[in-house]
Protein chains: 2
Amino acid sequence: MKTQYYGASSLDGFIADERHSLDWLDRLDASDMTSYGEFIRDVGAIAMGSSTYEFILRHLASVEDPAQARWPYEQPSWVFTSRTLPGVPGADIRFVSGDVAPVHAEMVAAAGEKNVWIAGGGELAGQFYDAGLLDELIIQIASVTLGAGAPLLPRRIDDPSLRLRSVQMCGEGFAELRYEVRYAWPDPS
Amino acid sequence: MKTQYYGASSLDGFIADERHSLDWLDRLDASDMTSYGEFIRDVGAIAMGSSTYEFILRHLASVEDPAQARWPYEQPSWVFTSRTLPGVPGADIRFVSGDVAPVHAEMVAAAGEKNVWIAGGGELAGQFYDAGLLDELIIQIASVTLGAGAPLLPRRIDDPSLRLRSVQMCGEGFAELRYEVRYAWPDPS
């Protein structure tokens, strides 16, 4: 069981532009982005912040084909929010707030042998990092710069640094980088 | 002849931390960073901003071994600055200001068949991009996040996007990504 932050970023470290848009991502050719199918099969629980959740809701509302307008995940999803947000009929969505550690314990129990996916945003991933709960980063570096926007991971992680585990070219549009997260304290494992 | 922006960035898109320091870079194992020797052989002219230049000066001043305290480049270097800065004895350093285009023409003439290297910072590389003069990005993504600092390339480049040409894993500390820059206007070449 691993806790993984998996998602796309611009080359300059933004996961959404200043208007919270992912238009720039839609314009790239993602047909060579082959890791998602394998990745999602091993996910047993999903965590996301309210901006990420609302982005998905807006996307679902904009899709014309009803078959495409369904909640995309079979796994239970925990949405971190201090606000009251609408649910999605037929989807297992649990609204939570406060510290990530107790919620993570709940997610791990639900995931069983499978992994916990931090779907975004960067601040939520940062809170899992702060709590010593983040094991891996799997980042698809998109072939764009945005200049401003929502940061990939608003933390300083350089001592110890991350450990690069693999790089994969996915066409002209993406490079996928996988990192193991290390912490300063001795790892008992 | 190509104009190339070559340099290291954190995973979250910063080339120096908030204190203009590269300490985080020195801590990484760069022994697998094999591209520099081949890259610098083909460089005929170097452009840098005043912060990059002053960083090199501070570095030279801090080195104890006089043999290591020499200006590191044989190629002529153009330093873009609006201030009066000290030169380095025995080094071919030319202080310039204003538009990058006429300076670039001068650099190309000096470089002959060789390439023009934009050594940093991000704003200077952005000015070469704005002028349609930047051909390639060669970025070593360091296995760290900084959370804040000097941006890699403070521009929005997504339409057209960059074109990823290659990815290379350089040990656990770096992934080198090479991009071709495209412009919206028709390329006559």
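These figures come from a predicted structure and were not determined experimentally. (Residues numbered from 1 in each chain as written. Chains lettered and ligands numbered in written order. Predicted model: local features only at pLDDT ≥ 70, side-chain atom pairs only at ≥ 80, totals over all residues. Heavy atoms only, no water.)

### Section: the relation of the copies chain A and chain B
When chain A is fitted to chain B, the residual RMSD is 0.0 Å, and the transformation amounts to a turn of 180° plus an axial shift of 0.0 Å. With respect to symmetry, the two chain copies, as superposed, fit the operation of a two-fold axis. Distance from the rotation axis, computed per C-alpha, reaches its smallest value in chain A at G13(A): 2.4 Å. Mapped onto chain B, 100% of the interface residues of chain A again fall at the interface, so both copies present the same surface. (Least-squares fit on C-alpha atoms with pLDDT ≥ 70 in both. Contact = heavy atoms within 4.5 Å.)

### Observations concerning the nonpolar core
It is characteristic of soluble globular proteins that their nonpolar side chains tend to be buried jointly. The biggest cluster of nonpolar side chains holds 66 residues, and the ones touching the most others in it are L137(A) and L137(B). In this structure, L137(A) is in contact with Y5(A), L153(A), L162(A), L177(A), R178(A), Y179(A), V181(A) and L11(B), ignoring residues within four places of it in sequence. (Core = buried A, V, L, I, M, F, W, Y, C linked by side-chain atoms within 4.5 Å. Buried < 20%, exposed > 50% of the residue type's maximum accessible area, 1.4 Å probe, protein only.)

### A few points about the pattern of salt bridges
Across all of its chains, the model carries 28 salt bridges over all chains by this definition. Residue R155(B) is joined to D130(B) by a salt bridge in which the shortest nitrogen-to-oxygen separation is 2.8 Å. Within this pair, whereas R155(B) is found in the loop between β8 (150-151) and β9 (163-170), its partner D130(B) is found in helix α5 (residues 122-130), the two being separated by 25 residues in sequence. Given a relative accessible area of 46%, D130(B) falls into the partly exposed group. Taken together, the salt bridges that share partners define one network made up of D17(A), R19(A), R27(A), R156(B) and D158(B). (Salt bridge = Lys/Arg side-chain N within 4 Å of Asp/Glu carboxyl O. Helix = DSSP H or I, 4+ residues; strand = E, 2+ residues; numbered from the N terminus.)

### Quick notes on the interface of chain A and chain B
Tallying the contact residues gives 38 residues for chain A and 38 residues for chain B. Approximately 3100 Å² of surface area, both sides summed, lies buried where chain A meets chain B, with 58% of it carried by carbon and sulfur atoms. The largest per-residue losses of area from chain A upon contact with chain B belong to L11(A), T145(A) and R156(A), which jointly make up 20% of the total buried on that side. Scanning the region where chain A abuts chain B turns up eight salt bridges. For the interface between chain A and chain B, the tally reads 18 residue pairs in polar contact (both at pLDDT 80 or more). Examining the composition of the side of chain A that touches chain B, we find that seven residues originate from one element, strand β9 (residues 163-170) of chain A, more than from any other. Tallied by class, residues from the side of chain A that touches chain B come to 20 nonpolar, eight polar and 10 charged. (Buried area = accessible area lost by both parts, 1.4 Å probe. Polar contact = N/O pair within 3.5 Å; in protein donor to acceptor, adjacent residues only side chain to side chain. Nonpolar A, V, L, I, M, F, W, Y, C, P; charged D, E, K, R; others polar.)

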